[in-house]
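Close look at the chain arrangement
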Amino acid sequence: MSATIIDGRAIAKDLRAQIKDQVSTLPSQPGLAVILVGDDPASHVYVNNKIKATVNCGMRSIEKRLPADVSAEKIASVIHELNNDKDVHGILLQLPLPKHLDADPLIQMIAPEKDVDGLTFANIGKLVAGDKSGLVPCTPQGSLKLIKSVKDNLSGLHAVIIGRSLLFGKPMGQLLLQENCTVTQAHSRTKDLPALCAEADILIAAVGQPQMVTADWVKAGAIIIDVGINRIGEKTLVGDVDFDTAKEKVAAITPVPGGVGPMTIACLLANTLKAYENIH
Ligand code: NDP
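Heads up: these notes are all about the structure in this document. Every value quoted in this text rests on a predicted model; they were computed, and no experiment measured them. (Residues numbered from 1 in each chain as written. Predicted model: local features only at pLDDT ≥ 70, side-chain atom pairs only at ≥ 80, totals over all residues. Heavy atoms only, no water.)

As a packed pair, helix H6 (residues 138–150) and helix H10 (residues 260–279) sit with axes 8 Å apart at the nearest point and diverge in direction by 110°. Taken together, the axes of H6 and H10 are roughly perpendicular relative to one another. Read as a crossing pair, H6 and H10 show a hand that is right-handed. Counting all contacts with H6, which are made through Cys138, Thr139, Gln141, Gly142, Ser143, Lys145 and Leu146, the residues of H10 involved are Val260, Met263, Thr264, Cys267, Leu268, Ala270 and Asn271. (Axes fitted to C-alpha atoms, helices over the stretch in contact; angles between N-to-C directions. Helix = DSSP H or I, 4+ residues; strand = E, 2+ residues; numbered from the N terminus. Parallel < 35°, antiparallel > 145°, perpendicular 65-115°, else oblique. Left-handed = near helix turned anticlockwise from the far one by under 90°. Contact = heavy atoms within 4.5 Å.)

A separate point is the site of the ligand. In the region of the ligand, 19 residues are neighbours, and Arg164, Ser165, His187, Ser188 and Thr264 sit closest. In the environment of the ligand, an oxygen atom lies 2.7 Å from a nitrogen or oxygen atom belonging to the side chain of Arg164. The separation between a nitrogen atom of the ligand and a polar main-chain atom of His187 is 3.5 Å. Summarising the interface, the protein chains cover 68% of the accessible area of the ligand, which totals 930 Å² for the free molecule. Counting residues per element, the shell around the ligand draws most heavily on H10, which supplies three residues. (Near = heavy atom within 4 Å. Polar contact = N/O pair within 3.5 Å; in protein donor to acceptor, adjacent residues only side chain to side chain. Areas by Shrake-Rupley, 256 points an atom, 1.4 Å probe, with all protein chains shown as cover.)

The next point concerns the nonpolar core. Within the largest apolar cluster, 47 residues are counted, with the highest numbers of intra-cluster contacts made by Ile19, Ile147, Leu176, Ile204 and Ile225. Broken down by element, the residue count for this core peaks at ten residues, all from H10. Ignoring any residue separated from it by four or fewer positions in sequence, one finds Ile19 in contact with Cys57, Met59, Ala266, Leu269, Ala270 and Leu273. In this structure, Val88, Ile91, Leu101 and Leu119 belong to the second largest nonpolar core, which totals 21 residues. (Core = buried A, V, L, I, M, F, W, Y, C linked by side-chain atoms within 4.5 Å. Buried < 20%, exposed > 50% of the residue type's maximum accessible area, 1.4 Å probe, protein only.)

Next up on the list: the packing of H6 against helix H7 (residues 169–178). At their nearest, the axes of H6 and H7 sit 9 Å apart, and the two run at 40° to each other. Taken together, H6 and H7 sit at an angle that is classed as oblique. Crossing hand, H6 versus H7: right-handed. Listed contacts from H7 to Pro140, Gln141, Ser143, Leu144 and Ile147 of H6 are Pro171, Met172, Leu175 and Leu176.

These figures capture arrangement, not role.
If you want it as structure tokens, here you go:
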């Protein structure tokens with residue numbers, strides 16, 4: 001059996017088109033501000049892609065580019081200014097920050113109603129409480145849409161998530177609990193990870209270890225979501241799952257690239273639209 005390859009690019013394109021249609025009916029333009037600190041090349045590529053996608057769907061892009069040696073106070077004042085700007089509906093602090101800066105207190109300064117990354121305590125709390133008015137982190141939100149593109153009713157399925165970060169693993173677990181999955185959250189101290197993964201109806205890998213999950217770890221017929229982005233040499237990107245072998249055994253799987261990645265930006269735009277609607 002060869003798996004359905006979940007086409008994140010196509011699903012993200014549809015989502016962006018829907019958002020563009022909705023934006024075209026609004027009385028004013030939603031604005032998304034990105035704060036980019038320093039010159040991390042991967043962050044620059046990612047931010048440029050975000051800007052392009054924002055403008056393409058009819059939203060306004062605001063960029064605040066700050067030097068690598070900027071102080072936390074200066075970033076705080078930029079966040080404060082954006083919080084108070086009525087033409088800005090979404091604020092994103094691009095991570096990682098340079099080493100001398102602690103991201104956590106800065107993230108918590110973002111007004112929760114503009115926190116399109118869903119990382120403020122108010123939005124995390126809403127997610128855990130099941131309050132749908134909150135903003136949900138983009139990558140788990142996009143990953144759930146990919147799962148639902150191949151299976152609508154997830155009730156009772158066993159989902160194993162490898163990874164427990166605040167950015168991905170924890171919110172992913174909450175979203176799947178809301179779908180009535182039985183959720184197991186695995187991490188670096190989990191014992192016998194291959195045996196645990198082999199029980200998963202839905203297996204989500206968000207580790208950052210190239211091709212760690214091999215075909216013998218996966219259950220026949222499972223849905224596999226590969227969140228990992230690992231650079232091999234100059235040009236090659238691979239996920240956390242050994243795609244070529246796993247795809248022969250499972251029901252559906254996301255490729256890397258072209259799976260989860262494109263959904264992250266599409267869901268950022270969806271969050272900006274939701275923030276605009278909540279604010280107005
Ligand atoms: P973190 O480094 O914050 O978290 C990694 C998690 O993996 C931790 O919970 C860690 O466990 C766990 N882990 C590490 N090694 C092992 C191991 N050998 N066995 C089991 N668990 C392990 O990363 P993120 O959650 O931020 O991101 C994970 C991956 O997803 C990265 O490759 C990142 O590039 C990618 N990513 C992709 C995005 C996209 O848009 N496609 C967006 C965000 C992330 P512990 O907690 O015990 O340390």
